[in-house]
Amino acid sequence: MQIIKVKNYQEMSDKAAKLLIEQVSLKPTSTVCFATGSTPIGMYKNLILASNNNQVDFSKMLTFNLDEYIGLAPEHSQSYQNFMHKQLFDQINVNSQNIHFPSGVGDITQNIENYNQVLENYSPLDFTILGIGTNGHIAFNEPGCDFESQTQLIDLTNETIQSNARFFDDINDVPKQAISMGIKSILNAKQIILLASGKAKAQAIYDAIKGPYTTKCPASALQVHGNVTFIIDEEAASLL
Ligand code: GLP
(Lines give C-alpha, C1' and ligand atoms only; values in the text may rest on other atoms or scores of the structure.)
Protein backbone atom coordinates (compact mmCIF):
# COMPACT_ATOMS: atom_id res chain seq x y z
CA MET A 1 0.00 0.00 0.00
CA GLN A 2 1.35 3.38 -0.99
CA ILE A 3 0.21 6.54 0.77
CA ILE A 4 0.65 9.90 -0.92
CA LYS A 5 -0.12 12.79 1.40
CA VAL A 6 -0.87 16.05 -0.35
CA LYS A 7 -1.71 19.50 0.91
CA ASN A 8 -5.27 19.95 -0.26
CA TYR A 9 -8.07 18.96 -2.64
CA GLN A 10 -6.39 20.57 -5.65
CA GLU A 11 -3.11 18.70 -5.14
CA MET A 12 -5.04 15.44 -4.66
CA SER A 13 -6.89 16.06 -7.93
CA ASP A 14 -3.68 16.95 -9.80
CA LYS A 15 -1.83 13.85 -8.60
CA ALA A 16 -4.74 11.51 -9.37
CA ALA A 17 -5.25 12.92 -12.87
CA LYS A 18 -1.52 12.62 -13.58
CA LEU A 19 -1.54 8.91 -12.66
CA LEU A 20 -4.50 8.16 -14.94
CA ILE A 21 -3.04 10.20 -17.81
CA GLU A 22 0.20 8.21 -17.47
CA GLN A 23 -1.78 4.97 -17.54
CA VAL A 24 -3.78 5.89 -20.66
CA SER A 25 -0.71 7.31 -22.41
CA LEU A 26 1.18 4.07 -21.85
CA LYS A 27 -1.81 1.92 -22.83
CA PRO A 28 -4.48 3.77 -24.88
CA THR A 29 -6.86 0.77 -24.61
CA SER A 30 -6.78 0.86 -20.80
CA THR A 31 -9.81 -0.44 -18.93
CA VAL A 32 -10.64 2.15 -16.28
CA CYS A 33 -13.25 2.02 -13.53
CA PHE A 34 -14.54 5.43 -12.46
CA ALA A 35 -16.11 6.60 -9.21
CA THR A 36 -18.82 9.14 -8.52
CA GLY A 37 -19.20 11.48 -5.54
CA SER A 38 -17.80 14.96 -5.06
CA THR A 39 -14.24 13.77 -4.37
CA PRO A 40 -13.14 12.89 -7.94
CA ILE A 41 -14.73 15.95 -9.61
CA GLY A 42 -11.45 17.95 -9.41
CA MET A 43 -9.55 15.03 -10.93
CA TYR A 44 -12.12 14.86 -13.74
CA LYS A 45 -11.73 18.60 -14.41
CA ASN A 46 -8.01 18.04 -14.90
CA LEU A 47 -8.67 15.15 -17.27
CA ILE A 48 -10.99 17.38 -19.34
CA LEU A 49 -8.32 20.07 -19.48
CA ALA A 50 -5.64 17.58 -20.53
CA SER A 51 -7.94 16.15 -23.19
CA ASN A 52 -8.79 19.61 -24.56
CA ASN A 53 -5.07 20.43 -24.73
CA ASN A 54 -4.40 17.17 -26.60
CA GLN A 55 -2.14 15.93 -23.82
CA VAL A 56 -4.00 12.63 -23.72
CA ASP A 57 -6.24 10.65 -26.05
CA PHE A 58 -9.18 8.84 -24.43
CA SER A 59 -10.69 7.54 -27.68
CA LYS A 60 -9.61 3.93 -27.10
CA MET A 61 -10.09 3.84 -23.33
CA LEU A 62 -12.81 1.48 -22.02
CA THR A 63 -14.78 2.78 -19.06
CA PHE A 64 -16.64 1.05 -16.24
CA ASN A 65 -18.34 2.41 -13.16
CA LEU A 66 -18.58 1.13 -9.63
CA ASP A 67 -22.26 1.55 -8.91
CA GLU A 68 -25.69 2.98 -9.65
CA TYR A 69 -28.82 3.80 -7.65
CA ILE A 70 -31.75 1.40 -7.96
CA GLY A 71 -34.73 3.01 -9.68
CA LEU A 72 -32.91 5.92 -11.31
CA ALA A 73 -32.91 5.78 -15.09
CA PRO A 74 -29.75 7.02 -16.87
CA GLU A 75 -31.51 10.32 -17.72
CA HIS A 76 -32.37 11.05 -14.06
CA SER A 77 -30.45 14.11 -12.88
CA GLN A 78 -29.00 12.22 -9.89
CA SER A 79 -28.24 8.91 -11.57
CA TYR A 80 -24.55 8.05 -11.53
CA GLN A 81 -24.64 7.54 -15.27
CA ASN A 82 -25.87 11.11 -15.70
CA PHE A 83 -23.19 12.31 -13.26
CA MET A 84 -20.40 10.66 -15.26
CA HIS A 85 -21.65 12.11 -18.54
CA LYS A 86 -21.91 15.63 -17.11
CA GLN A 87 -18.70 15.59 -15.09
CA LEU A 88 -16.46 13.79 -17.57
CA PHE A 89 -17.58 11.63 -20.47
CA ASP A 90 -19.37 14.36 -22.46
CA GLN A 91 -16.30 16.57 -22.25
CA ILE A 92 -13.56 14.17 -23.34
CA ASN A 93 -13.19 12.14 -26.51
CA VAL A 94 -14.26 8.83 -24.98
CA ASN A 95 -16.13 6.61 -27.45
CA SER A 96 -19.73 6.16 -26.22
CA GLN A 97 -19.56 2.49 -27.23
CA ASN A 98 -16.72 1.98 -24.77
CA ILE A 99 -18.77 3.09 -21.74
CA HIS A 100 -20.07 0.36 -19.41
CA PHE A 101 -22.45 0.86 -16.51
CA PRO A 102 -24.40 -1.33 -14.09
CA SER A 103 -28.10 -0.61 -14.65
CA GLY A 104 -30.40 0.27 -11.76
CA VAL A 105 -33.66 -0.10 -13.66
CA GLY A 106 -35.56 -3.12 -14.99
CA ASP A 107 -34.69 -6.67 -14.00
CA ILE A 108 -32.02 -6.16 -11.33
CA THR A 109 -31.09 -9.84 -11.05
CA GLN A 110 -30.45 -9.89 -14.79
CA ASN A 111 -28.56 -6.57 -14.61
CA ILE A 112 -26.27 -8.00 -11.91
CA GLU A 113 -25.56 -11.04 -14.05
CA ASN A 114 -24.91 -8.86 -17.11
CA TYR A 115 -22.50 -6.57 -15.30
CA ASN A 116 -20.58 -9.47 -13.75
CA GLN A 117 -20.27 -10.90 -17.26
CA VAL A 118 -18.99 -7.58 -18.64
CA LEU A 119 -16.41 -7.36 -15.85
CA GLU A 120 -15.35 -10.94 -16.43
CA ASN A 121 -14.90 -10.28 -20.14
CA TYR A 122 -12.46 -7.46 -19.39
CA SER A 123 -10.91 -8.94 -16.27
CA PRO A 124 -8.68 -7.72 -14.75
CA LEU A 125 -9.40 -4.00 -15.17
CA ASP A 126 -6.23 -1.90 -15.46
CA PHE A 127 -7.03 1.03 -13.22
CA THR A 128 -9.76 1.74 -10.67
CA ILE A 129 -10.55 5.05 -8.97
CA LEU A 130 -12.23 4.97 -5.56
CA GLY A 131 -13.61 7.48 -3.11
CA ILE A 132 -14.55 6.53 0.43
CA GLY A 133 -17.71 7.06 2.48
CA THR A 134 -17.55 8.53 5.99
CA ASN A 135 -18.41 5.02 7.25
CA GLY A 136 -15.53 3.48 5.28
CA HIS A 137 -17.65 2.24 2.37
CA ILE A 138 -16.16 1.83 -1.09
CA ALA A 139 -18.51 1.93 -4.07
CA PHE A 140 -21.68 1.06 -2.13
CA ASN A 141 -20.20 -1.76 -0.07
CA GLU A 142 -21.40 -0.84 3.40
CA PRO A 143 -19.96 -1.94 6.79
CA GLY A 144 -20.65 -5.63 7.34
CA CYS A 145 -20.41 -6.43 3.61
CA ASP A 146 -18.97 -9.65 2.26
CA PHE A 147 -15.35 -9.32 1.07
CA GLU A 148 -15.94 -12.18 -1.40
CA SER A 149 -18.78 -10.40 -3.17
CA GLN A 150 -19.16 -9.54 -6.83
CA THR A 151 -21.75 -7.15 -8.29
CA GLN A 152 -24.78 -7.17 -6.02
CA LEU A 153 -27.89 -5.41 -4.77
CA ILE A 154 -27.15 -3.33 -1.65
CA ASP A 155 -29.40 -1.83 1.02
CA LEU A 156 -27.93 1.59 1.78
CA THR A 157 -27.33 2.49 5.41
CA ASN A 158 -29.00 5.54 6.95
CA GLU A 159 -25.57 7.22 7.19
CA THR A 160 -25.05 6.85 3.44
CA ILE A 161 -28.60 8.01 2.64
CA GLN A 162 -28.09 11.05 4.85
CA SER A 163 -24.70 11.97 3.42
CA ASN A 164 -25.93 11.58 -0.16
CA ALA A 165 -29.15 13.55 0.54
CA ARG A 166 -27.29 16.77 -0.29
CA PHE A 167 -27.60 15.93 -3.98
CA PHE A 168 -31.41 15.52 -3.82
CA ASP A 169 -34.24 18.03 -3.17
CA ASP A 170 -35.59 15.89 -0.35
CA ILE A 171 -34.02 13.08 1.71
CA ASN A 172 -37.04 10.92 0.85
CA ASP A 173 -35.98 11.08 -2.80
CA VAL A 174 -32.67 9.31 -2.08
CA PRO A 175 -32.91 5.70 -3.30
CA LYS A 176 -32.66 3.12 -0.51
CA GLN A 177 -30.83 0.57 -2.62
CA ALA A 178 -28.01 0.43 -5.16
CA ILE A 179 -26.37 -1.99 -7.55
CA SER A 180 -22.67 -2.06 -6.78
CA MET A 181 -19.51 -3.88 -7.71
CA GLY A 182 -18.56 -6.05 -4.75
CA ILE A 183 -15.27 -5.97 -2.88
CA LYS A 184 -13.92 -8.99 -4.77
CA SER A 185 -14.67 -7.40 -8.16
CA ILE A 186 -13.05 -4.12 -7.06
CA LEU A 187 -9.91 -5.82 -5.75
CA ASN A 188 -9.53 -7.64 -9.05
CA ALA A 189 -8.16 -4.45 -10.67
CA LYS A 190 -4.43 -4.31 -11.40
CA GLN A 191 -4.05 -0.83 -9.94
CA ILE A 192 -6.31 1.06 -7.54
CA ILE A 193 -6.18 4.65 -6.35
CA LEU A 194 -8.33 5.89 -3.49
CA LEU A 195 -8.90 9.63 -3.08
CA ALA A 196 -9.96 11.36 0.12
CA SER A 197 -10.15 14.98 1.12
CA GLY A 198 -11.38 16.77 4.22
CA LYS A 199 -11.79 16.13 7.95
CA ALA A 200 -15.03 14.19 7.51
CA LYS A 201 -12.99 11.35 5.94
CA ALA A 202 -10.21 11.26 8.57
CA GLN A 203 -11.67 8.44 10.69
CA ALA A 204 -12.54 6.30 7.66
CA ILE A 205 -9.01 6.78 6.29
CA TYR A 206 -7.49 5.87 9.65
CA ASP A 207 -9.64 2.72 9.86
CA ALA A 208 -8.86 1.74 6.27
CA ILE A 209 -5.08 2.11 6.63
CA LYS A 210 -4.22 1.60 10.30
CA GLY A 211 -7.26 -0.30 11.53
CA PRO A 212 -7.79 -4.06 11.39
CA TYR A 213 -8.73 -5.89 8.19
CA THR A 214 -12.42 -6.09 8.91
CA THR A 215 -15.76 -5.90 7.14
CA LYS A 216 -16.67 -3.19 9.70
CA CYS A 217 -14.55 -0.91 7.49
CA PRO A 218 -15.02 -2.07 3.86
CA ALA A 219 -12.03 0.00 2.68
CA SER A 220 -9.73 -2.05 4.94
CA ALA A 221 -10.13 -4.80 2.31
CA LEU A 222 -7.63 -2.78 0.24
CA GLN A 223 -4.88 -3.70 2.74
CA VAL A 224 -4.39 -7.02 0.95
CA HIS A 225 -4.20 -5.55 -2.58
CA GLY A 226 -0.70 -5.41 -4.07
CA ASN A 227 -1.00 -2.12 -5.95
CA VAL A 228 -3.16 0.41 -4.16
CA THR A 229 -2.33 4.08 -3.66
CA PHE A 230 -4.14 6.32 -1.20
CA ILE A 231 -3.98 9.97 -2.30
CA ILE A 232 -5.16 11.92 0.72
CA ASP A 233 -4.99 15.54 1.76
CA GLU A 234 -3.78 16.85 5.13
CA GLU A 235 -7.23 16.90 6.70
CA ALA A 236 -8.14 13.39 5.58
CA ALA A 237 -4.73 12.19 6.86
CA SER A 238 -5.02 14.06 10.17
CA LEU A 239 -5.60 10.96 12.34
CA LEU A 240 -2.83 8.83 10.82
C1 GLP B 1 -21.09 7.46 -2.75
C2 GLP B 1 -20.43 6.57 -3.81
C3 GLP B 1 -19.00 6.23 -3.44
C4 GLP B 1 -18.27 7.49 -3.02
C5 GLP B 1 -18.93 8.06 -1.81
C6 GLP B 1 -18.22 9.30 -1.25
O7 GLP B 1 -21.67 6.77 -1.72
N8 GLP B 1 -21.15 5.36 -4.01
O9 GLP B 1 -18.37 5.61 -4.55
O10 GLP B 1 -16.93 7.18 -2.74
O11 GLP B 1 -20.25 8.43 -2.19
O12 GLP B 1 -18.71 10.46 -1.83
P13 GLP B 1 -18.03 11.87 -1.74
O14 GLP B 1 -16.82 11.81 -2.61
O15 GLP B 1 -19.05 12.83 -2.27
O16 GLP B 1 -17.69 12.10 -0.32
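Let us look at the structure shown here. Quick caveat, the model's predicted, so the values are computed rather than measured. (Residues numbered from 1 in each chain as written. Predicted model: local features only at pLDDT ≥ 70, side-chain atom pairs only at ≥ 80, totals over all residues. Heavy atoms only, no water.)

### Brief notes about the overall build of the protein
Helix and strand counts for the protein come out as seven helices and nine strands. Taking 240 residues into account, the globule formula puts the C-alpha radius of gyration at 18 Å, and the protein, at 17 Å, falls close to it. Based on the C-alpha atoms only, the size of the protein along its principal axes is roughly 45 × 45 × 35 Å. Put simply, the protein has 240 residues, and 55% of those count as buried. Here the analysis covers contacts within the protein between residues at least 6 apart in sequence; of these, 79% occur between residues at least 24 apart. Surface exposure of the protein reaches about 10600 Å², of which carbon and sulfur atoms provide 47%. If the 16 positive side-chain charges of the protein are averaged to one point and the 24 negative ones to another, these points end up 9 Å apart. (Helix = DSSP H or I, 4+ residues; strand = E, 2+ residues; numbered from the N terminus. Rg over C-alpha atoms; globule rule 2.2 N^0.38 Å. Buried < 20%, exposed > 50% of the residue type's maximum accessible area, 1.4 Å probe, protein only. Contact = heavy atoms within 4.5 Å. Areas by Shrake-Rupley, 256 points an atom, 1.4 Å probe, with all protein chains shown as cover. Lys, Arg positive; Asp, Glu negative; His and termini not counted. Charge placed at Lys NZ, Arg CZ, Asp CG, Glu CD.)

### Details of the site of the ligand
Every one of the 14 residues lining the ligand counts as a neighbour, but Ser 38, Thr 39, Asp 67, Arg 166 and Lys 201 are closest to it. At 2.7 Å from an oxygen atom of the ligand is found a side-chain nitrogen or oxygen belonging to Arg 166. Within the side chain of Lys 201, one N or O atom sits 2.6 Å away from an oxygen atom of the ligand. Isolated, the ligand exposes 390 Å² of accessible area, and the fraction of that covered by the protein chains is 95%. (Near = heavy atom within 4 Å. Polar contact = N/O pair within 3.5 Å; in protein donor to acceptor, adjacent residues only side chain to side chain.)

### A word on the packing of helix H2 (residues 41-52) against helix H3 (residues 80-87)
It is at 10 Å that the axes of H2 and H3 come closest, and there the two elements cross at 45°. On the basis of their axis angle, the class for H2 and H3 is oblique. In this structure, H2 uses Ile 41, Tyr 44 and Ile 48 to contact H3, whose residues at the interface are Phe 83, Met 84 and Gln 87. Looking at the contact of H2 with H3 residue by residue, the classes come out as five nonpolar, one polar and no charged. (Axes fitted to C-alpha atoms, helices over the stretch in contact; angles between N-to-C directions. Parallel < 35°, antiparallel > 145°, perpendicular 65-115°, else oblique. Nonpolar A, V, L, I, M, F, W, Y, C, P; charged D, E, K, R; others polar.)

### As for the sheet that holds strand E2 (residues 31-34)
Taken in spatial order, the six strands line up as E1-E9-E8-E5-E2-E3 in an open sheet, and their pairing is parallel. Bordering the open sheet on either side are strand E1 (2-6) and strand E3 (62-65), each of which pairs with just one other strand. Looking at each pair of strands side by side, their axes are set apart by 20° on average, direction ignored. Relative to strand E9 (residues 228-233), strand E8 (residues 191-196) is paired through five bridges, and the arrangement is parallel. Its bridge partner lying in E9, Leu 195 is registered against Ile 231. This element, helix H7 (residues 202-209), spans E1, E8 and E9 of the sheet and lies at about 155° to E9. (Pairing = 2+ DSSP bridges.)

### Re the packing of aromatic side chains
Across all of its chains, the model carries eight aromatic pairs by this definition. Summarising the aromatic geometry, the rings of Tyr 69 and Tyr 80 are spaced 4.8 Å apart at their centres and angled 45° between planes, so their arrangement reads as tilted. Of this pair, Tyr 69 sits in strand E4 (residues 67-69) while Tyr 80 sits in helix H3, placing them 11 residues apart in sequence. The exposure class assigned to Tyr 69 is buried, which follows from its relative accessible area of 1%. For Tyr 80, a relative accessible area of 11% gives the class buried. Taking the centre distance of 5.8 Å and the plane angle of 80° together, the rings of Tyr 69 and Phe 168 count as edge-to-face. Taken as a pair, Tyr 69 in strand E4 and Phe 168 in the loop between helix H5 (158-164) and strand E7 (177-180) lie far apart in primary sequence, 99 residues in all. With relative accessibility at 10%, the residue Phe 168 sits in the buried group. The rings of Tyr 69, Tyr 80, Phe 140 and Phe 168 are connected pair by pair, giving a single aromatic cluster. (Phe/Tyr/Trp six-rings, centres within 6.5 Å; stacked < 30°, edge-to-face > 60°.)

### Re the environment of Gly 182
With respect to the helices, strands and loops of the structure, Gly 182 is situated in the loop between E7 and helix H6 (183-187). The spatial distance from the C-alpha of Gly 182 to the C-alpha of Gln 152 is 6.4 Å, given a sequence separation of 30 residues.

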